Each structure stands twice: as C-alpha cells, then as structure tokens.
Amino acid sequence: MTQSKMTFLLERLQTLQNLANWPNANVPVTALVTEYIPELCKVPYDYLFRDDAKAMAECTLLVQDYLKLDILTANMDVYNFEAEAMGAKIKFFPDHCPDFDRSDYFIKDAADLDKIRFGGLDQGRFPYLIEYCKAYKHYTGVDTFPIFSAPWTLAGNLYGIENLIMATIEEPEFVHEFLRRIVDDYHVPMFRALNEAIPGFAEMDFVDAFASVPMVNVQIVEKFIRPYLQRELDKLNMPGMRLMDTAFFGTAMLEGDERKRFEDFIIWSNGRFLCIDPDAASLGADYARAVATERMTALQIGISATYLEFEPIDNITALVRDYVLQAKAGPTPAIFFFNNISPNTAEEKIQAAVWAAKVYGAPGADDKTPYQMPEFLSFEEFLKYKLKNNPEEYTFEWLKKSAYSYLL
C-alpha cells in the first residue's frame, strides 16, 4: 500500500495519536453517521446496507473525507446483524434503514432460546461485513472491524424491550439464561471466527441503546447489563482484545449515588466518560469535564443531532465552541462527537460545526479566538474533485446506482 493512498486518513489518525501529548494536542472531531451516508451519496439504502459492501466502504470514506472528520463511525444497521444471521426477519427499504419485523419477535419464550446459536460466517450478512472490512483496509491501509449489538440490546430486539424489562422482574432467571446464551453460544464463537477472518481484529465494539435511562435503571445495569459485558471478555479470553460499549443516555435523570454508579459504568464500558446531549445540555459541559477530571479519564462530549439539524449556524457554532472550550479545560484529553447526524441536516451546518470544533479544539484557542466560516463545498463538487484526484483508487461503481450518475 503506497503512502499516497493513505494520505487523508493518516492525517486524521495522527490527531488521535497526538492525544498522548495532551494538553498540547487538538481535540479530535468524531461522528456517528448512519442514514447520512446513503442520503449524501444519493443511493438506495438497501443497495448500500445489503448488496454492495465495497460501495459502502467507498461511500463511508468519502463522507469522512468530505466532512473532515477525524473518526467516522458508520454503524450501518448494526442492531440487526446477529439477529439476521440467526434467522430473524429483517426488512430492507430503499429510503430508510433496515429494521426488525417487530410484528413477530424472534424469541417468544424460553423454548426459543435454542435458536441462539452461531452458525458460521456464511450466515446472514457476515460475508458483507468481512468484505467491507477488507475493502476499507485496501483503500486506506488501516484496519477496521464491525460493530455489533451488545447482549442486552440484542435481547431487547429479539424479544421486545418492554417484554425484556418486565421479565427482569417476573422471570429474572429467564433473562439471565437469555443473556448467557447470547454471550456463550453466539458472541464468543462469532468473535473467535471474526478474529480468524479479519486481520487486525482487536476490539469488541458494541452499541447498547437500550442500556439508557429511563429504559433501564441502575439496578438493571448492574444486574443484567454489565455482568454480561464482563462475561464477553472473560469467556472470549483473548489477551489484548478491548471492550467498547456505547450509546448511553440518561445520566441527567439520575441523582446522587445512582448517578455516580451510572457514570462508573459508562467509564468502565467506554474507556472514557461519554456525556452528550441531552445530558450535556441539562447538566452542563462543566459537569462533564468535572467527572472526567475526578476519574482521570478522557471526556467525549457532543451536541445532539436535532440541534445540528434545526438550529441556525450561529447558534450551532457557539454551542460547539462552548462545549469544546469547557471540555478541553482539564488534565485529560477531550474528544468532540456528533451523534448520528440526521439525514436531512444541511451540509453547510455540518461543515461549519466541524470547523468550529477544530478551531476551538486547537491548543491555546480560547473564547477570543476568531471564527470564520469555512468556504462551502457541496458534496457534488467534492465528488467531481475526487473523480479526478483519486489516490485511494475508488472504483466509483456505486455512482451508477446514484442520483449523481451523471458525473460519470
């Protein structure tokens, strides 16, 4: 792999590596992007999410490059992969994300738990995920690996989250067995198989939206959620394999000891303190910084997708500025995060917000540092440029399926 083929991503990754020099380091700018990728690239969702993994890799990297993000997390329809491979029905659509058929849950009672058994990497869209990882490595020279649904949230999708929460009260042993089956009979053999199939596989990346307050309380976290994440690590028993479990909200709904215990869980499962809107908006960025400083861990903070979509640019850049300046005012690194950018968000708003995070995230920047709007570049103009300047050697075959096909 030549140096030129890795230029854009290597530059962004250097920002992360420089965090070792904190506070003499820039605040990395990261984002979770799911629907925004097919919307920006103007391709059918089902084509990207199901049919063409190489196209998904190209589109993901192009969106990251265009938005000037240091890290872009492309979750795809992360909550569906294991369930689909088990045999659960997943519906695909051209104009929005795939989802479970929630009219007929895959697990209805204890007898159905035998369905939870890993059948190999030829099941469901595992071949798609492996092809995606290999294409990403081919284009960048950098390893990547899939994100999956954490045990608790996977159980909630297979059984219904309301049913699962009621079962923690009425049938706790059923819930424990349910989660044990997911870990022992599915995730552990799945991760071992992926470790053989994907070079550089080094992290158990989970998302856990159903582990948020008020869907759950701290008691459920401590009895049913954290123990099975720990079981993942213990049973897999692969030295060096890291755990990353994200998507927690609701800290602001807790008080006193319960809030502290939830904070501890977030830090344990993320390796940093994650505090984004609505919690950051309610408790303040100074609260988030104080927790990270007290626990001597990195802080990841960010504004909400709705704020980014609906507020005027001046308000957005002002809030980004305030969050970044408060987040970086401490002894541990700060990371800025845009959570699941809405597919209808104007490109100008994202570019302005990312640039604000970079300006105020620079060492020495303060509230007196001037901010000048970046020159707006449309995604169409960016594509025209990349078609002529393509060191990554993207195929651009996906453009034939896109509303941008006239660019070919």
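Keep in mind that this is a model prediction, so the values were computed, not measured.

Caption draft 1: Representation of the overall build of the protein chain. From N to C terminus, the protein chain includes 17 helices and ten strands. A compact globule built from 408 residues would reach a C-alpha radius of gyration of about 22 Å, and the protein chain, at 21 Å, matches this within 12%. Taking the principal axes of the C-alpha coordinates as reference, the protein chain spans close to 60 × 55 × 40 Å. With 408 residues in all, the protein chain has 57% of them scored as buried. Considering only contacts in the protein chain between residues 6 or more positions apart, those separated by 24 or more positions represent 74%. For the protein chain, the accessible surface area stands at approximately 16800 Å², while carbon and sulfur atoms represent 51% of it.

Caption draft 2: Spotlight on the side chain of D112. Mapped onto the fold, D112 is located in the loop between β4 (99-100) and α6 (126-140). Residue D112 is classed as buried on the basis of its relative accessible area, which comes to 15%. Looking at D112, its side chain comes within polar contact range of the main-chain nitrogen of K108, at 2.9 Å. Every residue in contact with D112, bar those within four places of it in the chain, is listed here: F106 and I107.

Caption draft 3: The UniProt feature "domain: Uroporphyrinogen decarboxylase (URO-D)" (unreviewed entry) in the protein chain, seen in detail. Residues given the UniProt feature "domain: Uroporphyrinogen decarboxylase (URO-D)" (unreviewed entry) here are residues 50-237. Its end C-alpha atoms 32 Å apart, residues 50-237 is made of 54% helix and 8% strand.

Caption draft 4: Inspection of helix α10 (residues 218-236) at higher detail. Its 19 residues give α10 an end-to-end C-alpha distance of 26 Å, which sits within 8% of 27 Å, the value for a rise of 1.5 Å per residue. Taking the largest bend as the criterion, α10 deviates by roughly 30 degrees, centred on I225, and proline P227 comes between one and four positions later. Among the residues making up α10, those that are buried are V218, I220, V221, F224, I225, Y228, L229, E232 and L236. Contacts made by the buried residues of α10 are with α7 (151-159), α8 (161-170), α9 (172-197), β6 (203-207), β7 (242-246) and α11 (256-270). Here α10 starts with a cap whose side-chain oxygen sits 3.2 Å from the backbone nitrogen of Q219, and that cap is N217. N237 lies just past α10 and shows a positive phi near 50 degrees.

Caption draft 5: Here's a closer look at the packing of aromatic side chains. Under the defined criterion, the tally for this structure stands at 26 aromatic pairs. Ring geometry for F118 against Y186: centres 5.5 Å apart, planes inclined by 90 degrees, an arrangement best described as edge-to-face. Highlighted residues: F118 in the loop between β4 and α6 and Y186 in helix α9, separated in sequence by 68 residues. Given a relative accessible area of 17%, F118 falls into the buried group. With 5.0 Å between their ring centres and 70 degrees between their planes, F336 and F338 make a pair best called edge-to-face. Judged by relative accessible area, which is 2%, F338 ranks as buried.

Calculation notes
- Residues numbered from 1 in each chain as written.
- Predicted model: local features only at pLDDT ≥ 70, side-chain atom pairs only at ≥ 80, totals over all residues.
- Heavy atoms only, no water.
- Helix = DSSP H or I, 4+ residues; strand = E, 2+ residues; numbered from the N terminus.
- Rg over C-alpha atoms; globule rule 2.2 N^0.38 Å.
- Buried < 20%, exposed > 50% of the residue type's maximum accessible area, 1.4 Å probe, protein only.
- Contact = heavy atoms within 4.5 Å.
- Areas by Shrake-Rupley, 256 points an atom, 1.4 Å probe, with all protein chains shown as cover.
- Polar contact = N/O pair within 3.5 Å; in protein donor to acceptor, adjacent residues only side chain to side chain.
- UniProt positions renumbered as here; feature names shortened; annotations may be inferred.
- Expected span 1.5 Å × (residues − 1).
- Bend = angle between axes of the 7 residues up to and from the residue.
- Phe/Tyr/Trp six-rings, centres within 6.5 Å; stacked < 30°, edge-to-face > 60°.

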